[in-house]
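# Understanding the architecture of this molecule
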Amino acid sequence: MKKDHNVELNRVPMSDSQDIINQLLDEKSAAKTAGSMDIIWINGENFKTAKDNDLLWQEFSGQLPNFNDYVDQNAPDIASDFGEPVED
């Protein structure tokens, strides 16, 4: 990633995705203007929690060439996660 895109990737494994949500909630309550994570992989339940608590940044999937080229953006399994509308 660094060589091809000048992006430093630091993978930080966590044992429970709830730990990620708790860290984001802590950072938000501390009024941090920059979070410690740029991208996360969370399950549907934690996605809903993050969305309900305004912890997610903004839509970015439309900027990904593979998403635009290969994903049916109107497919029901893309439109919602854990019964929650993804909304981009």
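Everything quoted here is computed from the prediction, not taken from an experiment.

## What to know about the nonpolar core
Counting residues in hydrophobic clusters, the biggest one holds seven residues: Ile 20, Ile 21, Leu 24, Ile 42, Phe 47, Ala 50 and Leu 55. Top element by residues in this core is helix α2 (residues 17-29). It accounts for three residues. Residues contacting Phe 47, with those up to four places away along its chain left out, are Ile 42, Leu 56, Asp 81, Glu 84, Pro 85 and Val 86.

## Some remarks on helix α3 (residues 44-52)
Among the residues of α3, those classed as buried are Gly 44, Asn 46, Phe 47 and Ala 50. Taken around the axis of α3, the buried residues stretch over an arc of 160°, which confines them to a single face. Contacts from the buried residues of α3 go to α2, β1 (80-81) and β2 (84-85). The N-capping residue of α3, defined by a side-chain oxygen 3.3 Å from the backbone nitrogen of Glu 45, is Asn 43.

## Considerations on the pattern of salt bridges
A side chain of one charge can pair with a side chain of the opposite charge if their charged atoms are brought near each other. Summed over the entire model, instances satisfying the criterion amount to four salt bridges. In this structure, Glu 87 engages Lys 51 in a salt bridge whose closest nitrogen and oxygen atoms are separated by 2.9 Å. Taken together, the residues Glu 87 in the segment after β2 and Lys 51 in helix α3 connect sequence positions 36 residues apart.

## Comments concerning α2
End to end, α2 covers 19 Å across 13 residues, agreeing with the expected 18 Å (1.5 Å per residue, within 8%). Among all positions in α2, only Ser 17, Ile 20, Ile 21, Leu 24 and Glu 27 are buried. Seen along its axis, α2 keeps its buried residues to an arc of 125°; they face one direction. In α2, the exposed positions angled more than 90 degrees off the buried face are occupied by Asp 26 and Ser 29. The opening residue of α2 is Asp 16, an N-cap whose side-chain oxygen sits 3.0 Å from the backbone nitrogen of Gln 18.

What counts and what doesn't
Residues numbered from 1 in each chain as written. Predicted model: local features only at pLDDT ≥ 70, side-chain atom pairs only at ≥ 80, totals over all residues. Heavy atoms only, no water. Core = buried A, V, L, I, M, F, W, Y, C linked by side-chain atoms within 4.5 Å. Buried < 20%, exposed > 50% of the residue type's maximum accessible area, 1.4 Å probe, protein only. Helix = DSSP H or I, 4+ residues; strand = E, 2+ residues; numbered from the N terminus. Contact = heavy atoms within 4.5 Å. Arc of directions from axis to C-beta. Polar contact = N/O pair within 3.5 Å; in protein donor to acceptor, adjacent residues only side chain to side chain. Salt bridge = Lys/Arg side-chain N within 4 Å of Asp/Glu carboxyl O. Expected span 1.5 Å × (residues − 1).

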